[in-house]
Amino acid sequence: MTHSLHPAAQKGFSSAAELYQKVRPNYPQDIVRWLKQDLVLNTDSIAVDLGAGTGKFLPYLKQVTTHLIAVEPVIEMLEQLSIVHPDVQRLQAKSDQIPLDSQSVDAVLCAQAFHWFANIETLDEIYRILKPQGHLGLVWNQRDESVDWVKALADLLATLEGDTPRYHSGQWKQVFEQQHLFQLKNCQTFTQVQTGTVENVVSKRLMSTSFIATMPQQEQAKLKQKFEQIVFEHTGKSAQDEIDFPYVTYAYHFHKLI
């Protein structure tokens, strides 16, 4: 069975690919240590960035190995990736149909992506391409909702997401419940902030969210004003004022069972 892309991913990420590349947060530098120590990656390792998007996670993988393969189904996202990372091998493919040889890679990383394709067909395919004792890493940046204005933004977003797959729903975990392919080794958390103007790191960042990017332009413009109004009400900062947007990064390490 081949799974089709969720409409929010296909439409939202194709139309907002350039914005995604510009405004999505980076990852904490500690993630490189995690790649080396937990996933045991080194300069000889072959790693797949699955659901690579515009390549936001590739700079961290590049600090460990140059043997990288970016797999992404949305061509507009791959086009953005090719601009920033022309040296990385790229494959336009879905998560359950990866055109790589069996047992050919040391690790598969999914950064800000696995919730879109959390199905057993994908796990089977990841298992197939991984070498024995291979590693699967799932990484997500999440807004730190312990901060009042961040929580207010999250509450507004929750009213808009509908059936769009999301990390915070926890539904992605269900695929690991009835399988004997992977075992969770650990989950680490890291903190970071994205600093910039309210417009750039808050409202434009939220505009790159899949289900918002699919909306008509007029609705998007109204939402942008709402986001900036929420920040102003809580912090007194306007669109061009600088702000620190706090994030918590979750990094899950699974290893392949024989």
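This section reports on the structure supplied with the text. Since we're looking at a predicted model, the values are computed, not measured. Per chain, residues are indexed from 1 in the order of the written sequence. Selection of residues for local features in this predicted model requires a pLDDT of at least 70, selection of side-chain atom pairs for listing and counting requires 80 or more, and totals for whole chains, interfaces and linings are taken over all residues. Only hydrogens and water are set aside; all other atoms, that is, all heavy atoms of the structure, feed into the side-chain values.

**Quick notes on the sheet that holds strand S4 (residues 105–111)**
Stage number 1. Strand order across the open sheet formed by seven strands is S3-S2-S1-S4-S5-S7-S6, with mixed pairing between neighbours. Strand pairing shows two members of the sheet lacking a second neighbour, strand S3 (89–91) and strand S6 (182–197), which therefore form its edges. Mean inter-strand twist for the sheet, computed between neighbouring axes without regard to direction, equals 20°.
Stage number 2. When DSSP locates at least two bridges between a pair of strands, those strands are taken to pair. Strands here are runs of E lasting at least two residues and helices are runs of H or I lasting at least four, both read from the DSSP assignment and numbered beginning at the N terminus. Where S4 lies against strand S5 (residues 130–143), six bridges are found, and the strand directions are parallel. Each residue of the ladder has a partner; that of leucine 109, found in S5, is glycine 137.
Stage number 3. Should any heavy atoms of two residues lie within 4.5 Å, those residues are considered in contact. Axis lines are fitted through C-alpha atoms, for helices just across the contact stretch, and the angle between N-to-C directions can take any value from 0 to 180 degrees. Each of S4, S5, S6 and strand S7 (242–256) is contacted by helix H3 (residues 30–37), which is oriented at about 165° to S6, the strand it contacts most.

**Describing the layout of surface pockets**
Stage number 1. Detection works on a 1 Å grid of protein atoms alone, calling trapped sets that fit a 1.4 Å probe cavities and calling open sets with protein on both sides within 12 Å along at least five of seven lines pockets, with lining residues defined by an atom within 4 Å of a point. Grid points are joined across faces, edges and corners, and a volume is the space filled by probe spheres set on the points. Considered as a void within the structure, the second largest pocket measures approximately 350 Å³ in volume.
Stage number 2. Looking at the second largest pocket, it is lined by 23 residues, and the ones nearest its centre are Gln142, Arg143, Arg166, His168 and Arg205.
Stage number 3. When contributions to the lining of the second largest pocket are tallied by element, the ones reaching two or more residues are S5 and helix H7 (148–158).
Stage number 4. Polar here means any residue other than Ala, Val, Leu, Ile, Met, Phe, Trp, Tyr, Cys and Pro, which are nonpolar, and Asp, Glu, Lys and Arg, which are charged; Gly is therefore polar. For the lining of the second largest pocket, the residue count by class is nine nonpolar, seven polar and seven charged.

**Describing H3**
Stage number 1. For every residue, the accessible area obtained with a 1.4 Å probe (protein chains only) is divided by the maximum for its type, and the residue is called buried under 20%, exposed over 50%, and partly exposed between those limits. Buried residues of H3: Ile31, Val32, Trp34 and Leu35, and no others. The buried side chains of H3 occupy one side of the element, clustering within an arc of 160° when seen end-on.
Stage number 2. Elements in contact with the buried residues of H3: helix H4 (58–62), S4, S5, S6 and S7. The arc in question is formed by the directions pointing from the helix axis toward the C-beta atoms.

**Digging into the pairing of strand S2 (residues 67–71)**
Stage number 1. Counting buried positions along S2 gives four out of five residues, so the element sits mostly inside the fold.
Stage number 2. Note: strand S1 (residues 46–50) against S2, five bridges, orientation parallel. Its bridge partner being in S2, valine 48 is matched across the sheet by isoleucine 69.
Stage number 3. Summarising the sheet, S2 and S3 pair through three bridges and their orientation is parallel. Across the sheet, residue isoleucine 69 finds its bridge partner in S3, namely glutamine 89.

**Some remarks on helix H8 (residues 198–207)**
Stage number 1. Within H8, eight of the 10 residues are buried, which leaves it mostly tucked inside the rest of the structure.
Stage number 2. Residues Val198, Glu199, Val201, Val202, Ser203, Arg205, Leu206 and Met207 constitute the buried set of H8.

**Focus: the environment of glutamate 145**
Stage number 1. Within the secondary structure layout, glutamate 145 lies in the loop between S5 and H7.
Stage number 2. Taking relative accessible area as the criterion, glutamate 145 reaches 39% and is therefore assigned partly exposed.
Stage number 3. Beyond its immediate sequence surroundings of up to four residues, glutamate 145 is in contact with Val150, Lys151 and Ala154.

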